[in-house]
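Residue-level listing of the chains:
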Amino acid sequence: MPLVNMKDMLHHAYSNGYAVGAFDLRNLDFLEAIVAAAESARAPVILSLNESYFDHFDFELLISAVEVAAQRAVVPMAIHLDHGENSDSAVKAIRLGCNGVMVDASHLPLGENLEITRTVVKIAHACGVAVEGELGYVPCVEGEGAQRHPGVVSYTTLAEAKGFVERTGVDFLAVSIGTVHGRMKGKPKLDWSRLKEINAALGIPLAIHGGTGLTDDQFRKLITLGVAKINYYTALSELAGDSVRAAAKSRTKGYTALLAGVRTVVSAEVERCMRVWGSAGRAAEVLTQCRHWLNVEHVVVYNAPGLNEERLRAVMAEGQHQLSSIPGVREVQVGSVADKSTRYRHCWLIRFASTAVIDSYNQHPAQVAFVDRLFHFAAADRLTADYLVAGVEPGAIVLSISSAVATLDTNSTLVREEI
Ligand SMILES: [Zn+2]
């Protein structure tokens, strides 16, 4: 349950002078290491999945594990899509469980970056999901040495940053002030006065990509100048690589033994960062001051006296198809019971990413069209309710369709609304 609203989380960091680590992960070893470090340091953390890596692992499989890990953790977490390519990526990530998305069109001309980012913000905000944009260009790809992809740093300018944030509505901005993805040759030189001006003008949490190689003092100074989110991966990747190499040199045989040290070294480095960046010890405040991130189950139970079974199946199948495509809808289930004496024989169970989706779903053209064209007629006799899943309010907990239906008749505290 300690998934929290990512906007609240980063604003807490921003106004209290610390930064939350966003650690890219690409397998269960990294996931377990990062969660263990956060719990040991009692720190909020962002579990980050980078689209640049989706060729290397199955995003859908890994994010399922990430969501379970976040839900059972005792410290606040957010799940973030890092370097999303476009609005389709953002919609998919939200469906799969991300409550923060980054769209990175920073390599494109400013006008295109603006347009793509604005579209993603519109979609994500309708789902209650926070958005990070990037302006200016931080070269290379996370985890790859900058010397191999020198690129050219394109610094974020103050004038562009102001216009970009106003016109797109992003919640956080990744700025380019001299860091590079990967590890830089030599010591990175950062443009402090540029960062200071941008922070003073924008007043929103800023993000730094390419944290590897910065000194502790540089990190502390970044945080005093508005950086509330630090992306950090290359150093973790190198430490994990070193651990595997050392195990191989010791003539260790077998895959399990080769990887045995990875979690320990990754976890130690993540915890060290949390202490330097000031997020250690902040978990309790974040949990009490930030909104918790709760899915909603939209339940419709109904009878369809005017339809035969075959037609009803067709309506359900079409509804599943149409409604599943609405941003913020995580899954659509349909079901029926054979017992004709049951008060309601058929049901829909639609899982929304957050309470914000209740409104955007009801107004979405695909939903309106389906209801007007098919569902009103098919299900004239129906009852609809929205439940917070594993919510804190007593009586608002629904774990299955059957318990939902059982509760509908007895619990007067539930939100009820007619479609
Ligand atoms: Zn990055």
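Small disclaimer: the values here were computed from a predicted structure and weren't measured.

With that settled, the discussion passes to the confidence of the model for the protein. When pLDDT is averaged along the protein, the result is 87, and 88% of the positions lie at 70 or above. Counting contacts from residues 145–150, a segment whose pLDDT is below 50, to residues more than four positions away or on other chains yields twelve contacts. For the stretch residues 406–419, pLDDT sits under 50, and the model shows 30 contacts to residues farther than four places along the chain or on other chains.

Along strand β8 (residues 227–232), six of the six residues are buried, which leaves the element largely enclosed by surrounding structure. Here four bridges tie strand β1 (residues 20–24) to β8, and the two strands are oriented parallel to one another. Within the sheet, the bridge partner assigned to Ala22 lies in β8 and is Asn231. Bridge count between strand β7 (residues 206–208) and β8: three bridges; the pairing is parallel. Note that in β8 the partner of Ala207 across the bridge is Lys229. At this point the chain moves from β7, through helix α8 (residues 216–224), to the parallel β8, and the crossover so formed is right-handed.

Attention shifts here to the sheet that holds strand β4 (residues 100–103). Spatial ordering of the closed barrel is given by β1-β2-β3-β4-β5-β6-β7-β8, a layout of eight strands whose pairing is parallel. Neighbour-to-neighbour, the strand axes of the sheet open up by a mean angle of 25°, direction not taken into account. In this sheet, strand β6 (residues 172–175) lies alongside strand β5 (residues 130–135) in parallel orientation, the contact comprising four bridges. Paired with Glu132 across the two strands is Phe172, which belongs to β6. Contacts between helix α1 (residues 6–16) and the sheet are confined to β1, β2 (45–50), β3 (77–84), β4, β5, β6 and β8, with β8 contributing the most and set at about 110° to the helix. Along the sheet, helix α6 (residues 158–168) contacts β5 and β6; its crossing angle with β5, the most-contacted strand, is approximately 150°.

Among the nonpolar cores identified, the biggest contains 107 residues, and Phe23, Leu47, Val101, Leu173, Trp277 and Trp348 are the most heavily contacted of them. Counting residues in hydrophobic clusters, the runner-up holds 15 residues, among them Val4, Ala22, Val286 and Cys290.

Rules behind the numbers
- Residues numbered from 1 in each chain as written.
- Predicted model: local features only at pLDDT ≥ 70, side-chain atom pairs only at ≥ 80, totals over all residues.
- Heavy atoms only, no water.
- pLDDT = per-residue confidence, 0-100.
- Contact = heavy atoms within 4.5 Å.
- Buried < 20%, exposed > 50% of the residue type's maximum accessible area, 1.4 Å probe, protein only.
- Helix = DSSP H or I, 4+ residues; strand = E, 2+ residues; numbered from the N terminus.
- Pairing = 2+ DSSP bridges.
- Right-handed = clockwise from strand over helix to strand, strands pointing away.
- Axes fitted to C-alpha atoms, helices over the stretch in contact; angles between N-to-C directions.
- Core = buried A, V, L, I, M, F, W, Y, C linked by side-chain atoms within 4.5 Å.

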